[in-house]
Amino acid sequence: MSFEKRLEDVILRLFDVQGVKFGQFTLKSGLVSPIYFDLRVVVSYPELMEDVADLLWECRPKDAHFTSVCGVPYTALPMATIVATKQKLPMLIRRKEEKSYGTKRLIEGHFKEGDNCFIIEDVIVSGSSVYETAVSLRGCGLEACPALRCDALRCPALTRPDLSLLPSLRGCGLEVTHAVVFMDRQQGATNNLKNLGVTIKSVCDMESMLKILLRNKKITEEHVDSVNRFLKESQETIIRKQPADGAPDKESVGRLSMSFGDRVATTSQPLVRRLLRLMEEKRTNLCVAADLGTARDVLQLADKVGPHICLLKTHVDSISDFTAEFPKQLTELAERHNFLICEDRKYGDIGSTSADQYSSGLFSVSSWAHLVTVHALPGDGQLTALSDRAAGAERGALLVAEMSSKGCLVQPAYTAAVVKMAEAHPYFACGFIAQSSVSSDPRFLVLTPGVSLVSTADGHGQQYSSPERAVGERGADVVIVGRGVTRAEDPAAAAREYAQRAFSAYLQRLK
Ligand code: 5IU
């Protein structure tokens, strides 16, 4: 039987067992809907349950490889179980509530870091439940992991630590790239989830289901009209955060509306987690570009601005007296003042060449820079090559998605492709250097250079805006300031001012 025929048959049987109802129903989101799906009833009809599970599996993306499946609790659990047993695919169970005793695991089942888990869901409106499940899988209970590092031994989510994994770890959690849902209510979930790095496919949407029911005279034109009216009025849902301790469920989920602290749980990339935590705790989203010519000058500057920054950006090839002592001393300062280091190397060659530049030669960047900048132009080979050379250390890359300079050749299609590349490599891509909000995915950081309170241009193409504009209007998480600080009479005071203004703009954005 064709897919369409089987779908029609399943929809009619669902209707007969009241899996689809018409009337007035208040949804989890607060919307009052003329139609309601209750796929929980299928557990009483094993054949129907199996048919629903088969259709779900058939709609998986055929080009993706999954190592496990996870049903969104609770309705999709039995369907995921059927898929898992029929396909001989390991299953994971996500707890809705953390256990208060024993292991405190949020995810039950055995898995390895970087495994790709396929999410199965029954019905989506905004996509919130799929998102919460993706967050749990990506974070895999790492909140309790003391070092926040790729440390399989200490990760409580791993039931049986596998020592052989340690050298090749690419992040602490599972990857989640795809989900399948039986019914898409066509109220914005696909788009919401795409912004969060999850591509969703649906077996059926509201429109095609209504057609089937109408054709089979189960419903009338009036039913169809009322549902269509409702859909028109409520097409743009947003994903909402779970309310904390009874607090009103108001804020939407997305990079710009989430606090740095809340974003920690959305990613398993250890460096992003560390930086977000640091920014939240130290109350700074300032990166100083230490573009000075000698090791002494850079180190002195780092010592002065250290208390006010989350990140120090270097161009080590501009330092005339670079020796291996320099990164050692810089690392000491970074530890003392609690900031991370980004070498703005803008790798842009084929993967193997960039990897050599990254990990060997005079600068040996991979041994000391937490982050490096990368041009996406050559393709994603650089990300895998650099990540291999990072060899499990807490390292990552920022992809240049846009530039601040006048006449920059980057076009919107290129920027979109850069974002896609990061989404495909979340174990190493930590975010973007950009001039606008290129992604609403809370896992990625957006850093914006071209920020100054004293200039609007530098005579060589650089274009400046204020911290408020960069954070509030353009959507930067971190502002990068070079000469505004390095050329100030008192760099420490200047850094303090930039940090305060950028952080206030971030707090304002959260409101
Ligand atoms: N930088 C930019 N613009 C960009 C990118 C990097 O200014 O688009 I990508 C770097 C260059 C310099 C710092 O190291 O950020 C900005 O320094 P000033 O604030 O001094 O302009």
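Residues numbered from 1 in each chain as written. Predicted model: local features only at pLDDT ≥ 70, side-chain atom pairs only at ≥ 80, totals over all residues. Heavy atoms only, no water.

The name given to the chain in an unreviewed UniProt entry is Uridine 5'-monophosphate synthase, and the organism recorded there is Amphibalanus amphitrite.

Novice: Can you tell me about the sheet that holds strand S10 (residues 311-314), naming the residues and giving the values?
Specialist: Read around the closed barrel, eight strands run S9-S10-S11-S12-S13-S14-S15-S16, paired in parallel fashion. Along the sheet, successive strands turn relative to each other by an average axial angle of 30 degrees, direction set aside. Bridge count for strand S11 (residues 340-347) against strand S12 (residues 371-375) is three bridges, and the pairing is parallel. Note on S12: the bridge partner recorded for cysteine 342 is leucine 371. (Pairing = 2+ DSSP bridges. Helix = DSSP H or I, 4+ residues; strand = E, 2+ residues; numbered from the N terminus. Axes fitted to C-alpha atoms, helices over the stretch in contact; angles between N-to-C directions.)

Novice: Explain the side chain of arginine 395 to me, using residue names and the numbers behind them.
Specialist: By the element assignment, arginine 395 lies in the loop between helix H13 (381-390) and strand S13 (396-400). No salt bridge forms around the buried arginine 395; measuring N to O, its nearest opposite-charge neighbour glutamate 394 is 6.3 Å away. Among the polar contacts listed, one links the side chain of arginine 395 to the backbone oxygen of serine 366, at a separation of 2.7 Å. What arginine 395 contacts, discounting residues up to four positions off in sequence, is Gln269, Leu271, Tyr358, Ser366, Ser367, Trp368, Ala369, His370, Ala390 and Phe428. (Buried < 20%, exposed > 50% of the residue type's maximum accessible area, 1.4 Å probe, protein only. Lys, Arg positive; Asp, Glu negative; His and termini not counted. Salt bridge = Lys/Arg side-chain N within 4 Å of Asp/Glu carboxyl O. Polar contact = N/O pair within 3.5 Å; in protein donor to acceptor, adjacent residues only side chain to side chain. Contact = heavy atoms within 4.5 Å.)

Novice: Any chance you could break down the pairing of S10 for me, citing the residues and the numbers?
Specialist: Of the two faces of S10, the one lined by Leu311 and Lys313 and the one lined by Leu312 and Thr314 are each fully buried. Pairing between strand S9 (residues 286-289) and S10: three bridges, direction parallel. Bridge pairing in S10 links cysteine 287 to leucine 311. Handedness of the S9-helix H10 (residues 295-305)-S10 crossover: right-handed. Relative to S11, S10 is paired through four bridges, and the arrangement is parallel. (Right-handed = clockwise from strand over helix to strand, strands pointing away.)

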